[in-house]
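Coordinate inspection notes
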Amino acid sequence: MAQLGFNADDYDPTDEFEPLPPGEYLTMITEASLDNTKSGGQMVKLTYTVMEGQFEGRKLWSQHNIVNSSPKAEEIGRKEISRIAHAVGQPRINDTEQLLQQVIRIAVVLKQDPGFGPKNEVKKWISAGGQTMQSAPAPQQQTPAHNPAPAQQLPHPATQYAAPPWGQK
C-alpha cells in the first residue's frame, strides 16, 4: 500500500470545469509548440490565456494541422495559422516562439463532444488592434507643427526570417 497524504476535505468536490460562454475574448498566446500527430503528421498547438473580464486567467487551446495525410486537413490548418499570423502582425513565422506573448482577440464557440460534453472551440482570430501587455501607453514624442517629420516605415521584424520548414512544400 502507498501513502498518499491526501485530504479530500481540502478540495471542493462540486467545483466543475465549465466551458466559457460563446463570444470574443482578448487573449495572449502563452504557449506555442510544434508537435507530432499520432498519424505521423505535425500540428501547431497554441494555448491562449484570457486577459480581461470575469474569465481573466482562464485558458483556451487550439491545434492546427500543418503536415497531414489529408490534403484538406492540412490546407485548413495552414489557413488557420495564416489567420493567426496576420492577426498578430507576424505574417512570416519561422518559429512558434514568435507567437508567444502575442495579444489576439479570439472568437469562441461551444462544441458538443460526444465523449466529454460541451467544450470550447476557437473559430476566429482577430487583430487586437495593437494592444499589448503594457500597463501604461508609451509617451509619444511631439513634433513641432511647423516642421513635421516624415513618417518612417520600418520593416516588420518578422521579415528577417525565411519561411519555416513546415511552411514549405
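Before reading further, recall that the structure is shown in the block above.
So, here is what we can say about the structure in this document. Please read these numbers as outputs of a predicted model, since none were measured by experiment. (Residues numbered from 1 in each chain as written. Predicted model: local features only at pLDDT ≥ 70, side-chain atom pairs only at ≥ 80, totals over all residues. Heavy atoms only, no water.)

Overview of the packing of aromatic side chains
- As enumerated under the stated definition, the model contains two aromatic pairs in all.
- Here Phe-6 and Tyr-11 contribute two aromatic rings whose centre-to-centre distance is 5.5 Å and whose plane-to-plane angle is 5 degrees, an arrangement assigned as stacked. When sorted by exposure, Phe-6 lands in the same class as Tyr-11, which is exposed.
- Each ring, one from Tyr-25 and one from Phe-55, has its centre 6.2 Å from the other, and the planes form 80 degrees; the classification is edge-to-face. Of this pair, Tyr-25 sits in strand 1 (residues 23–36) while Phe-55 sits in the loop between strand 2 (42–50) and strand 3 (59–67), placing them 30 residues apart in sequence. Of the two residues, Tyr-25 and Phe-55, neither departs from the other in class, the shared state being buried. (Phe/Tyr/Trp six-rings, centres within 6.5 Å; stacked < 30°, edge-to-face > 60°. Buried < 20%, exposed > 50% of the residue type's maximum accessible area, 1.4 Å probe, protein only. Helix = DSSP H or I, 4+ residues; strand = E, 2+ residues; numbered from the N terminus.)

Structural notes on the sheet that holds strand 4 (residues 103–113)
- A sheet is described by the order of its strands in space; here five strands give the open sequence 3-2-1-4-5, paired in antiparallel fashion. The open sheet has two edge strands with one neighbour each: strand 3 and strand 5 (117–127). Each strand axis lies, on average, 40 degrees off the axis of its neighbour in the sheet, ignoring direction.
- Against the sheet, helix 1 (residues 71–87) touches strand 1, strand 2, strand 3, strand 4 and strand 5, its axis set at about 125 degrees to strand 3. (Pairing = 2+ DSSP bridges. Axes fitted to C-alpha atoms, helices over the stretch in contact; angles between N-to-C directions. Contact = heavy atoms within 4.5 Å.)

Things to note about the pairing of strand 4
- Of the pairings in the sheet, the one linking strand 1 to strand 4 comprises six bridges and is antiparallel in character. Residue pairing in the sheet places Thr-27 in a bridge with Ile-104 of strand 4.
- Where strand 4 meets strand 5, ten bridges bridge the pair, whose relative direction is antiparallel. Counted as the bridge partner of Ile-106 is Trp-125 from strand 5.
- Adjacent in sequence and paired antiparallel, strand 4 and strand 5 are bridged by three residues.

A look at helix 1
- Over its 17 residues, helix 1 runs 24 Å from end to end, which matches the ideal 24 Å to within 8%, given 1.5 Å per residue.
- All of the buried residues in helix 1 are Glu-74, Gly-77, Glu-80, Ile-81, Ile-84, Ala-85 and Ala-87. For helix 1, the arc enclosing every buried residue in end-on projection is 165 degrees, short of the 170-degree limit, so these residues lie on one face. Opposite the packed face of helix 1, turned more than 90 degrees from it, sit the exposed residues Pro-71, Lys-72 and His-86.
- Looking at the buried residues of helix 1, the elements they touch are strand 1, strand 2, strand 3, strand 4 and strand 5.
- A positive backbone phi angle near 75 degrees is found at Gly-89, which sits one or two residues after helix 1. (Expected span 1.5 Å × (residues − 1). Arc of directions from axis to C-beta.)

A short note on the environment of Ser-82
- When you line up the elements, Ser-82 lands in helix 1.
- For the pair Ser-82 and Trp-125, spaced 43 residues apart in sequence, the C-alpha to C-alpha distance is 9.8 Å.

Some words on unusual backbone geometry
- Phi angles above zero are rare outside glycine, and Gln-101 is one such case at about 65 degrees.
- Locating Gln-101 in the fold gives a position in the loop between helix 1 and strand 4.
- For Gln-101, a relative accessible area of 49% corresponds to the partly exposed category.

Side note on the pairing of strand 1
- Here strand 1 runs beside strand 2; their pairing, made up of nine bridges, is antiparallel. Bridge assignment links Leu-34 to a residue of strand 2, and that residue is Val-44.
- As consecutive antiparallel partners, strand 1 and strand 2 are separated by five residues, and within that stretch Gly-40 has a phi angle of approximately 95 degrees, a positive value.

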